[in-house]
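Residue-level structural notes
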Amino acid sequence: MIAAVRLALALCAAAPLALLAPSAARADHHEQHEGHGAVAPQQEKSGESASAASAAALPRTPRPADAKLYIISPKNGETVSSPVTVRFGVSGMGVAPAGVGSPNTGHHHLLIDTPLPDFAKPIPNDAKHVHFGGGQTETTVELAPGEHRVQLLLGDLNHVPHDPPLYSDVVTFTVQ
Ligand SMILES: [Cu+2]
């Protein structure tokens, strides 16, 4: 029952996130927008923004305790050439596209040469935090020669890590 309610809340929160339409968002959702949109703290209403950001906790989606996330390839310590194919593995949960709130599912995020992000916020979306919202289970990345590290982090329909967060071990490899 609790899971169903949380799911409904999460679905409700999905619309403003997807549409980026603050006028359509309820007041509490609006705060979330300002919270995770405000990268620069020196905004006009910086005081308000900061308190809104700390108060606006997105709903976290529960997940099975025994679920596992792992990188199938490359292997830790391997030397590879660029572009590098990275294959994602998950057990105990399913993969669903972003925006789909099926229980015990999520979508992959590949963290490239960056540590784990703040689990209370949507996973950043940039060159170091790559979202696979279509439900993809592998990708190919261009990487400069040298040592690199990759790690997987599962996100729910709103791109927020589950509770508890599900992430893989770090894989470190060398691009020749
Ligand atoms: Cu995502």
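Small disclaimer: the values here were computed from a predicted structure and weren't measured.

Looking now at the overall build of the chain. Each helix and strand in the chain was counted, giving three helices and nine strands. A buried classification covers 22% of the 176 residues belonging to the chain.

So, about the pairing of strand S8 (residues 146-155). In this sheet, S8 lies alongside strand S5 (residues 105-112) in antiparallel orientation, the contact comprising six bridges. Residue pairing for S8: His108 is matched across the bridge by Leu154. Note: S8 against strand S9 (residues 171-175), five bridges, orientation antiparallel. Directly across from Glu147, in S9, lies its bridge partner Thr174.

Let's shift gears to the sheet that holds strand S3 (residues 84-91). Ordered by their spatial adjacency, three strands build an open sheet running S1-S3-S7, and the pairing between neighbours is antiparallel. Either end of the sheet is taken by a strand with one partner, and the two such strands are strand S1 (68-73) and strand S7 (138-141). For this sheet, the mean angle separating the axes of adjacent strands, direction not counted, is 25°. Both S3 and S7 contribute to a ladder of four bridges, which runs antiparallel. Considered in S7, the bridge of Arg87 is made with Glu138.

Of all the eight residues making up S5, seven are buried; the element is thus mostly covered by neighbouring parts of the structure. Relative to S5, strand S4 (residues 94-95) is paired through two bridges, and the arrangement is parallel. Within the sheet, the bridge partner assigned to Gly94 lies in S5 and is Thr105. Of the strand pairs in this sheet, S5 and strand S6 (residues 129-131) are connected by three bridges, and their pairing is antiparallel. Among the inter-strand pairings, His109 is bridged to a residue of S6, identified as His131.

You can see Asp118 is positioned in the loop between S5 and S6. Put simply, Asp118 and Pro161 are 43 residues apart on the chain and 8.9 Å apart in space, counted from C-alpha to C-alpha.

Judged by nonpolar contacts, the single largest core of 15 residues is most densely connected at Ile71, Val150 and Leu152. Elements supplying a minimum of two residues to this core: S1, S3, S5, S8 and S9. The biggest single contributor to this core is S8, with four residues. The contacts of Leu152, once residues within four sequence positions are left out, are Leu69, Ile71, Phe88, His108, His109, Leu110, Tyr167 and Ser168.

The amide bond that connects Ser73 to the next residue, Pro74, takes the cis arrangement and shows omega of 0°. Within the secondary structure, Pro74 sits in the loop between S1 and strand S2 (79-80). Look at the link from Asp163 to Pro164: it is a cis peptide, with omega at 0°. Residue placement: Pro164 occurs in the loop between S8 and S9. Phi at Asn104 takes a positive value of approximately 60°, unusual for a residue other than glycine. Inspection of the secondary structure assignment puts Asn104 in the loop between S4 and S5.

Reading the values: the criteria
Residues numbered from 1 in each chain as written. Predicted model: local features only at pLDDT ≥ 70, side-chain atom pairs only at ≥ 80, totals over all residues. Helix = DSSP H or I, 4+ residues; strand = E, 2+ residues; numbered from the N terminus. Buried ≥ 20, exposed ≤ 12 C-beta atoms within 10 Å, placed from the backbone. Pairing = 2+ DSSP bridges. Axes fitted to C-alpha atoms, helices over the stretch in contact; angles between N-to-C directions. Core = buried A, V, L, I, M, F, W, Y, C linked by C-beta atoms within 7 Å. Contact = placed C-beta atoms within 7 Å.

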